[in-house]
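Residue-level structural notes
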Amino acid sequence: MLREIRPALVLLVALTVITGLAYPLGMTGIAGVLFPKQAQGSLIERDGKVIGSALIGQEFKDDKYFHGRPSATVAPDPNDSTKMVSAPYNAANSGGSNLGPTSKPLADRVKEDVDKLKAENPNQPVPVDLVTTSGSGLDPNISPEAAQFQVPRVAKARNMSEDSLKRLVAANTEGRLLGLLGEPRVNVLALNVALDGAAK
């Protein structure tokens, strides 16, 4: 009986070593050599200090910064663990709100956000990505139109010219991958870091 089981055990150990150790370590090493920034989490630094990742959004509320998409992520309430509270861009609990297009709470929130944004910039249509959440709740990017929509508010808060901010947005706009995949986008954290640098 041992003679019949031995090949299966040897194969199990060999495949565990190959697929569970050798392959992951090999891929991690290759990625670290070929794509060191991405392999370390696409971290963004300012003054030698890590302030975030280009892959996970952050909440910016101050008028002098560009704002990202709304986030529907939640976390346990510190006062009552049976309840959940809003925790924007909570990477430990990624996900959408699961509210459908006929949901009254969703419609009310979107209407409130649209009204607030229209008051901020009444001459432009509100870009959809400024009032809708992404499926993950962690999206770090907005459309170039969403960034341009916010230029008047940021310019006023920072006492900067709108033209200089529009150029900054254009300089921080990434195109489609290989010219084909995805949509043009602006990483909000990278844009805000560039904005702080330009304001110095």
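Our subject in this report is the structure included herewith. (Residues numbered from 1 in each chain as written. Predicted model: local features only at pLDDT ≥ 70, side-chain atom pairs only at ≥ 80, totals over all residues. Heavy atoms only, no water.)

So, about the sheet that holds strand E5 (residues 141–142). With antiparallel pairing, the three strands of this open sheet are ordered in space as E5-E7-E6. Every interior strand has two partners, whereas the edge strands, E5 and strand E6 (173–174), have only one. (Pairing = 2+ DSSP bridges. Helix = DSSP H or I, 4+ residues; strand = E, 2+ residues; numbered from the N terminus.)

A few words now on the environment of Val169. With respect to the helices and strands, Val169 occurs in helix H5 (residues 162–171). Put simply, Val169 and Pro140 are 29 residues apart on the chain and 15 Å apart in space, counted from C-alpha to C-alpha. Not counting residues up to four positions away in its chain, the partners in contact with Val169 are Phe66, Pro144, Ala147, Gln148, Val151, Val186 and Leu191. (Contact = heavy atoms within 4.5 Å.)

Helical periodicity: at 3.6 residues per turn, an α-helix aligns residues three or four positions apart in one direction. Over its 15 residues, helix H4 (residues 144–158) runs 20 Å from end to end, which matches the ideal 21 Å to within 8%, given 1.5 Å per residue. Maximum bend of H4: about 40°, positioned at Val151, with proline Pro152 one to four residues after it. What H4 keeps buried is the set Pro144, Ala146, Ala147, Phe149, Gln150, Val151, Arg153, Val154, Ala155 and Arg158. In the segment just after H4, Asn159 is the residue with positive phi, at about 55°. (Expected span 1.5 Å × (residues − 1). Bend = angle between axes of the 7 residues up to and from the residue. Buried < 20%, exposed > 50% of the residue type's maximum accessible area, 1.4 Å probe, protein only.)

It is worth spelling out the packing of aromatic side chains at this point. Overall, the coordinates contain one aromatic pair when judged by the stated rule. Considering the side-chain rings of Phe60 and Tyr65, the 5.6 Å spacing of their centres and the 40° angle between planes classify their relative orientation as tilted. Above the plane of the ring of Tyr65 lies Arg158, whose end atom (NZ or CZ) is 4.9 Å from the centre. (Phe/Tyr/Trp six-rings, centres within 6.5 Å; stacked < 30°, edge-to-face > 60°. Lys NZ or Arg CZ within 6 Å of the ring centre and 35° of its normal.)

Before going further, it helps to spend a moment on the nonpolar core. Ranked by size, the top nonpolar core spans 25 residues in total, and within it Phe66, Leu165, Val169 and Leu191 carry the most contacts. Contributing elements (two or more residues each) for this core: helix H3 (104–120), H4, H5 and helix H6 (188–199). With six residues, H4 is the single largest residue contributor to this core. (Core = buried A, V, L, I, M, F, W, Y, C linked by side-chain atoms within 4.5 Å.)

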